[in-house]
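Take a look at the letters that make up each chain.
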Amino acid sequence: MTTNNNTHFSKFPSADLGVLYPFKFQPILKSVIWGGSDICDFKNISSQQGNIGESWEVSGVEGNVSVISNGELAEKPLDEVLQIYKDQLVGKKVYDKFGDTFPLLIKFIDARDDLSIQVHPNDELAKERHNSFGKTEMWYVVKTTPEAFLYSGFATPITPDKYIETVENNTFTDKLQKYNVNPGDVFFLPAGRVHAIGAGCFIAEIQQTSNITYRIYDYNRKDAQGNSRELHTELAKDAIDYKVYNNYQTEYSARVNHPVELVSCEYFTTNLLEIDIPMTRHYETLDSFVIYICMQGHCTLKDNKGNSMFIRQGETVLLPADTQSTLIIPSETTKILETFVR
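Residues numbered from 1 in each chain as written. Predicted model: local features only at pLDDT ≥ 70, side-chain atom pairs only at ≥ 80, totals over all residues. Heavy atoms only, no water.

Structural notes on the sheet that holds strand β22 (residues 325–330)
On the basis of which strands lie adjacent, the open sheet formed by four strands has the order β17-β22-β19-β20 and antiparallel pairing. Among the strands making up the open sheet, the edge pair consists of β17 (279–282) and β20 (308–312). Averaged over all pairs of adjacent strands, the angle between strand axes in this sheet comes to 25°, irrespective of strand direction. Bridge count for strand β19 (residues 298–303) against β22 is five bridges, and the pairing is antiparallel. Bridge pairing in β22 places Asp 303 opposite Thr 326. (Pairing = 2+ DSSP bridges. Helix = DSSP H or I, 4+ residues; strand = E, 2+ residues; numbered from the N terminus. Axes fitted to C-alpha atoms, helices over the stretch in contact; angles between N-to-C directions.)

A closer look at empty space enclosed by the protein
Overall, the coordinates contain one cavity of 30 Å³ or more when judged by the stated rule. There is about 40 Å³ of room inside the largest cavity. Looking at the largest cavity, the residues that line it are Gly 153, Phe 154, Gly 192, Arg 193, Val 194, Asp 241, Lys 243, Tyr 245 and Tyr 248. Looking at the lining of the largest cavity, its residues break down into four nonpolar, two polar and three charged. (1 Å grid on protein atoms, 1.4 Å probe; cavity = no way out; pocket = protein on both sides within 12 Å on 5 of 7 lines; lining within 4 Å. Points joined across faces, edges and corners; volume = space filled by probe spheres on them. Nonpolar A, V, L, I, M, F, W, Y, C, P; charged D, E, K, R; others polar.)

Observations concerning the state of the cysteines
When the sulfur atoms of two cysteines share a covalent bond, that bond is a disulfide. Counting across every chain of the model gives zero disulfides. Cysteine Cys 294 remains unbridged, with the sulfur of Cys 299 as its closest cysteine sulfur at 5.3 Å. The buried category is assigned to Cys 294, whose relative accessible area is 0%. (Disulfide = S-S within 2.5 Å. Buried < 20%, exposed > 50% of the residue type's maximum accessible area, 1.4 Å probe, protein only.)

Take a look at the structure:
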């Protein structure tokens, strides 16, 4: 074990574990058939890629691990940094639960076309079938076209057998709750909830670290070679929560210069910070990393360790768990999603 640690330390500029600082990351851009053109504009970056449907902002997913873009640890992948700094980076209770797996995945999603209807398994089913965590997630709608919509949950009761039948006869969407959406809308999607993002939605997604998705229905679309995409209709049967709920949209009242809790679950808590004057956030007793996703405007962050960082719309920052407080100084009205593990 000592030899392994020394090997890791040799990759880093210093073996001094006393200092961590806020991290930015190189975005991982994903070109997909349904991708749009808004992500680069929103993030104020350039790319030769087309049809960019996703930007993975912070990721510990194997094969798609985020790389730090600033400071002394620039060019280092998040998983290696986590292996070295452990609970200093993510918090003791987080490290005890998740070990060397970073527990959250942060994305921007830009849908030019309708995405497939899908569901994600919970932790138990994902562990049994895939040796993976399940996937609970949330959406914050950033911008929309006038016709933008999404599906979340069932509108009418349905049995597992009837579910299979409606997929086969192309009436499954009739059973789903459809929402016309606007910027600022929030949807919490616990594992098991059937959902889909419709054309014209640009959203920020916060989710468990998992890439397990069961694709239920894809509107009988074909790819350029005339092939249908693989469906997981039978696998999804046991993963779906068939209960009908009154409302699948998260209701909240925005308040300027006051944190507003949007979602709180066992996997993450997300607050909306809309500020036009300086605000100090205290994390002395949190025992978790904190992620800031800048949704609008720009600001300067100053932490208790003397670090200062400018962030703007489209940027995401990871504050290590040993950060005790951060002063946010907006240059103009700024919106930030603040996410951590409670």
